[in-house]
Every structure is written in C-alpha cells, then in structure tokens.
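So you can see what is in the structure, the chains are spelled out below.
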Amino acid sequence: MSVTYIDAIREAQEKLLREDDRVFLYGQDIATFGGAFKATKGLAEQFPNRVFDAPISEDAMIGMAVGAAIEGMRPIVEMQFADFSSVAFNQIVNQAATHFYRTGMPIPITVRLPSGGTPGSGPFHSQSMEGIYAQYPGLVVLTPATVSDAYHMLLDGVALDDPVIYCEHKFLYRWLKAKSINGDHLPIGQARITRPGKHATVVAYSAMVHEAVRAADRLQQDGWEIEVVDLRSVKPLDMDTVLASVARTGRLLAVGEAFPWGGVTAEVIARVTEEGFHLLDAPPQRLNARDTPVPYHPKLWAAHRPTPESICEALRKLLSF
Amino acid sequence: MLRARILENKLSSLYKAGKIVGGVYLGRGQEAVSATLGTALIQGRDFFAPLIRDQAGRTAFGEPLIDCTRTYLGSVEGPMRGRDGNIHRGRPSMGMPAMISHLGAQVPVVAGMLFAKRLQGTLTGRVGATCIGDGATSTGAFHEGLNTAAVEKLPLVVVVANNQFAYSTPNDRQFACGDLVERARGYGIGGFSVDGTDLLACASVIGEAVRRARHGGGPQMVVAQLLRLSGHGEHDDGSYVPTDVREGYYGRDCIDVAIGQLVENQMATAAEISEWQDEIAEEVQRAVAQAQQEATPDPYLEDWTALSTRFPISQSTAQ
C-alpha cells in the first residue's frame, strides 16, 4: 500500500471535515465531480452540505470565504489552478491579508493552489505564485514537498487563525508516493534538512526539493556531499535552519520553479548575504525558471524549469570558487 | 440623517483646518437612502457592509459617532487604532465589516457572512446588506458577488446609490443599459427603483426590499437615483457636475425634503427638528473633543505584525 501526495491532500480534508464542523470546502467542480484533480473525490457524498461547487468567480470565492470566516467558519477554497488565483488577487491580498492588522480579527481561510508545471500545461496552468503572495504582509505561504507534509501542513494550516496560501505541486500529485502519511511532523515555519551534506547547501521547496536531491545524488558520485534544505513554508521563512546549513557548508544555491525576478530564491539569498555574509566561501547562486511564460511543449517546458542537470551545473560552478 | 449631516459638516471643517489627514468623504445628498437601509436592519442579527457615503446608515445601524471621529482623527481607542482611516472602518464582530477601497469587494463578503449562518443553521430571519455606487456596478467583483449570492439564494440586499458620477465619470461613460435596475433581471434577483432624495419613498422601497430578502425572497437590488451634493472627497469641488444637473430635480437636498415630509405629515414640528439639530451638534462636539484628546498610535509601541500567529511555533505546541 502506498499513499500519493494528492491522496494526502484528500485525506487531510476528510479528517478536517470529520473533526471540525467549522470547515467547509468551496471551489469549482469540487462537489459531485470531485475536483479537476480529484482532491475532493467522494467528500461531497460523505459530507452533505459541506462541499460546494462555486461559480467561475475566483474573486467572489475568496470574498465568500472571508465573510464566512468573519462569522466563525474555516473555509478551504480550491482554486482550480494556482494561475487563476490572479483573478482573486484583490480579495486575497487586500481583504483577507489586511484584515487582522486593520480590525484585530484574523481570517482563518485556506486557499489551495494547484501549482507548478507539468508537461503540456502551458502558460496558464503551470504557474508558481508563492513569491507573489509571500510579498504581501498578512499571509502564511506553505509549499509542501512530501506526502506527509502535504497532509500535516494542510491540517496545521487550517488550524492557524491567519489566511494560508497552500501551494500544492501538481507534478507531485500522483508521481510522489510514500508508504505512510505519517512522516516526521515539523511545525509550520520550520525547514527540514532533507539530505545532509557538507560541501554546499541547496535551499529548495516544493517539487524542486526532489530535483535537488537527484542532483545531489549525481554529484555524490564525484565525491561531493550536498546538503538539501526543504523550506516547507516560504513564509514564514526558517532562516535559522538555512543559516546553520550555510555555516556548515559555506556555499549556497537557492532553487525555485517560479519566475526569476525577485521571489523566494532572491529573498533567501538576500537574507543569507545580509545575516550570514561571513559564513560564505563563495558567491551565493540562484536558479529559477526562465523569464518567459511557462511554455506548452514538453521539450521547452523541461528546459524552462530547473532540472537535475541545471542544478548540477549550478552546483559545479558554486563548488569551483 | 441629521446626525450624519451635522457630523460630516464638522469633519469637513476639521479637514479644511488641517486637523484630519488623508481625506474626508461625505454622504451629503445620500442620507435618505443610507439611513433607511440602516434603519431597516437589526443590529445583532443582520449584517451591514457600509461603503464610502454611508455615515447615515452606519449611525442608523448602531455605530457610535465616536467610532467615526476616532478613526478620522487617528485615536488608538478607535476600531482601526490608526491603522486605517476615515470611512475604512468597521466592527466585523458586530456584523459590520470594514470596507476596503476596492469597489464591489464587500458584496461577496456579506454573502459569505450569510452563507456561514446557513451552514450554522441560524440564517432564518437574517439579512445582509451593502451599499455601492453606480461606478462600482462596473466592477467584476460586483458581478461575481451578486451572481454568487443569487446562485445561493442568499438574503442579500444591495443598494446602489446612483449619484450620477463615479468620482468625475458620468453615467454615460459607466454603463450602457437604460437603467441599472434592469440588471436585476439578468441576475435573477429582485429589483427596485426609488427616488433617493425622497425619505418616505426610500423607507418604503428599501424597507420592502429588506423584508423580501428576510422572508426568503433571495437577493434584492435597489437602485436609488440621486446626486452627490459634494465632491468625491473634500479635496474635490465637484466642478465637473454641470450646472443644469446641479440645479435639476436630483440636486434637491434630501434633508430639506425629509424635514418637509416630517412637518407636513405632523411627525415632527419645525421647532422639534431645530432642537434635534442643537442636541446633535453638541453630541458631535463631544465626539470630536474626546477623540482629539485621546492618544494617537506610537510607532515605537506598535506591534507591527500582520499575522495573529506568532512564529516560530515550537515543536511541542505543534499538533
């Protein structure tokens, strides 16, 4: 028996619906149909009047969730694709994210964003939005990379009183399997050392953790021991774990699947440079997607995002200093 | 209506004297619409998301005047504690969410508050209402919110104060339908038109829309025709409003109309109304004086956190 990443997301929602009557699910095609990716399969039948199809109105979906949260509910909103959350941007960053600071009342909504690229998905079904949301005060941004994190971080995210942007990677949905849903359970805001090493640190999150581990495996054949840090949540950002790793290795590569201008990798490098410049033995490097829309053709797509090959290349450069 | 007018006249003076920073946004000319909606709602049961020109509705719904003066004057005792100002205030825990500046955005929020009550089994007898202007009807948020409320058949009342100009943009550059109320049919909801300068007409029509929503009639939209008798804010002289419009039918002051109606129907005498005005002026003075004496926020004491959660969460306290 194995459990996939998307099974974990479904299981977490089932547990939440079973145990917390403040939780309801809202999104397009998520009720009887079970969602475009089947993350809510069977839940509408199991929990009548707790799982609702929404009109194609992303802005109103988040507005509804904010209103429901004001009145004591804990809605989980599924965006069909992270890309479409741009239509709900106003309600997320201006309504939900400012609410606690302005009024003193937190807004416990969780927005699930099916994120990242898969072959053939093209410019509007492939985006990684975590850096955009992390830029705004008032949001918690989660980027689980493992089956167990997908499960526990969704549970923990819904338990938070603040708005949570939960970025689930579509490439991991069925590809990533684990024997059990119960891995190590770290609190939100704590990064994990996925693979210990001593020559260089790769900071990654979401699907890029797996690409980084592959790159590290390859370099091990040449005698390099690469440490891979999985951020788990990009906001808050666990700089203690990142700096401790850089202190051990002296070298940093930050890898992300989002567009290259600014974003999570830039933030990590800026903070390490600011807070741990003395720890660095080489200029910190970063690797992101290319500065174009995400392409449709699998050959283009595979070369648009960081790959084990490009991560290896970046690491060899980093190790050559 | 009178409370709102007298309070707002005072706010205008304070702004012009440099005592209020940011802006001052008045509901002058829109008090009849706003007040009748606030009066038709029941605080503690209903929800009301006021917008920019709803001082009268806020007061009628039960917001104390001091909330207004504290927010405009930046008192830390106010509901927004200097973190937001002017009309961007509310008390969401008391059924009155705080507006954001993005128009139409409160429509789905009120719908969501009602939706929560349905899930909690306590929706019966409740109404949620929000006000917007003619300009906001052009937003995607208005459309998405109203359509969603209609799909869910929620007891939502949306009052559109068509004051003819969205800031400076006239109706003919805002929409191409003959009358905004025609849109109600498209959404599958109730639609009403009313003369927004006529207090008794507003009380009757808006009261009826609220009653229908309360008794299971689904969302209702009321379009009130009127004219804003001030600029968009007190920084704006409204000189783009043509003289013939200013001097036309909707240029009449709803307060004068209301006083005439009260006297004519022997609901109050001119002397009584004059007494109310004196009492209210004193009330407003007290609210201003109190807010002016209170502390303003201190950047060194401010907690500067946008999240209620305090990170890091220690391993032992994580679930």
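Small disclaimer: the values here were computed from a predicted structure and weren't measured.

Caption draft 1: The arrangement of the overall build of chain B in detail. In terms of regular secondary structure, chain B is built from 11 helices and 7 strands. Relative to the 2.2 N^0.38 estimate, which gives 20 Å for 319 residues, the radius of gyration of chain B is 20 Å and therefore close to what a compact globule would have. In chain B, buried positions account for 49% of the 319 residues. Taking the intrachain contacts of chain B between residues at least 6 apart in sequence as the baseline, contacts between residues at least 24 apart amount to 71%.

Caption draft 2: Quick look at the interface of chain A and chain B. On the side of chain B, 40 residues touch chain A, which itself brings 40 residues to the contact. If you tally residues by element for the side of chain A that touches chain B, the top one is helix α3 (residues 58–70) of chain A, at 9 residues. When its residues are assigned to classes, the side of chain A that touches chain B shows 21 nonpolar, 13 polar and 6 charged.

Caption draft 3: Layout of the nonpolar core. Ranked by size, the top nonpolar core spans 193 residues in total, and within it V202 and A212 of chain A together with V159 and V222 of chain B carry the most contacts. Residues lining this core come from more than one domain, with at least three contributed by each of domain 1 (3–178) and domain 2 (192–320) of chain A. The contact partners of V159 of chain B, leaving out residues within four places of it in the chain, are V33, L37, A129, C131, I206, V222 and A224 of chain B.

Caption draft 4: A look at the sheet that holds strand β2 (residues 23–27) of chain A. Residue and element names in this part refer to chain A. Spatial ordering of the open sheet is given by β3-β2-β4-β5-β7-β6-β12, a layout of 7 strands whose pairing is mixed. What marks the edges here is a single partner per strand, and that holds for β3 (51–53) and β12 (233–235). Across the sheet, the mean angle separating the axes of adjacent strands is 20 degrees when strand polarity is ignored. In this sheet, strand β4 (residues 74–78) lies alongside β2 in parallel orientation, the contact comprising 5 bridges.

Caption draft 5: Expanded view of the sheet that holds strand β3 (residues 156–162) of chain B. Residue and element names in this part refer to chain B. Taken together, the 5 strands give an open sheet; going across it, the order is β1-β2-β3-β7-β6, and neighbouring strands pair in parallel fashion. In the strand order of this sheet, the two ends are held by β1 (47–49) and β6 (190–195), each with one partner. Neighbouring strand axes in the sheet, compared pairwise and without regard to direction, differ in orientation by 20 degrees on average. In this sheet, strand β7 (residues 220–225) lies alongside β6 in parallel orientation, the contact comprising 6 bridges. Pairing of F192 across the sheet is with V222, part of β7. Packing of helix α8 (residues 199–214) onto the sheet brings it into contact with β2 (128–133), β3, β6 and β7, and relative to β6 it is tilted by some 165 degrees.

Caption draft 6: Local environment of unusual backbone geometry. The residue after K235 of chain A, namely P236 of chain A, is reached through a cis peptide bond having omega 5 degrees. Mapped onto the secondary structure, P236 of chain A falls in the loop between β12 and α9 (239–249). Note the cis peptide between F311 of chain B and P312 of chain B, where omega equals 0 degrees.

Caption draft 7: Structural view of the domain arrangement of chain A. Residue and element names in this part refer to chain A. Each assigned domain of chain A is listed with its residue range as follows: domain 1 (3–178) and domain 2 (192–320). Between the C-alpha centres of domain 1 and domain 2 there is a distance of 26 Å. Listed per partner, the contact involves 25 residues of domain 1 and 22 residues of domain 2. Secondary structure elements with two or more residues in the side of domain 1 that touches domain 2: α5 (130–135), β6 (140–142), α6 (147–159) and β7 (164–169). Looking at the side of domain 1 that touches domain 2, its residues break down into 13 nonpolar, 10 polar and 2 charged.

Caption draft 8: Main features of the pairing of strand β11 (residues 226–230) of chain A. Residue and element names in this part refer to chain A. β11 sits mainly inside the fold: 5 of its 5 residues count as buried. The alternating pattern of β11 places I226, V228 and D230 on one face and E227 and V229 on the opposite face, and all of these are buried. Pairing between strand β9 (residues 192–195) and β11: 3 bridges, direction antiparallel. Note that in β11 the partner of R192 across the bridge is D230.

Caption draft 9: Inspection of the environment of K10 of chain B at higher detail. Residue and element names in this part refer to chain B. Relative to the helices and strands, K10 is located in helix α1 (residues 2–16). Residue classification places K10 among the partly exposed positions, given that 18 C-beta atoms sit within 10 Å. Expressed as a C-alpha distance, the spacing of K10 and T69, which sit 59 residues apart in the sequence, is 9.9 Å. Ignoring any residue separated from it by four or fewer positions in sequence, one finds K10 in contact with V284 and V288.

About the thresholds
Residues numbered from 1 in each chain as written. Chains lettered and ligands numbered in written order. Predicted model: local features only at pLDDT ≥ 70, side-chain atom pairs only at ≥ 80, totals over all residues. Helix = DSSP H or I, 4+ residues; strand = E, 2+ residues; numbered from the N terminus. Rg over C-alpha atoms; globule rule 2.2 N^0.38 Å. Buried ≥ 20, exposed ≤ 12 C-beta atoms within 10 Å, placed from the backbone. Contact = placed C-beta atoms within 7 Å. Nonpolar A, V, L, I, M, F, W, Y, C, P; charged D, E, K, R; others polar. Core = buried A, V, L, I, M, F, W, Y, C linked by C-beta atoms within 7 Å. Domains from an automatic or database assignment. Pairing = 2+ DSSP bridges. Axes fitted to C-alpha atoms, helices over the stretch in contact; angles between N-to-C directions.

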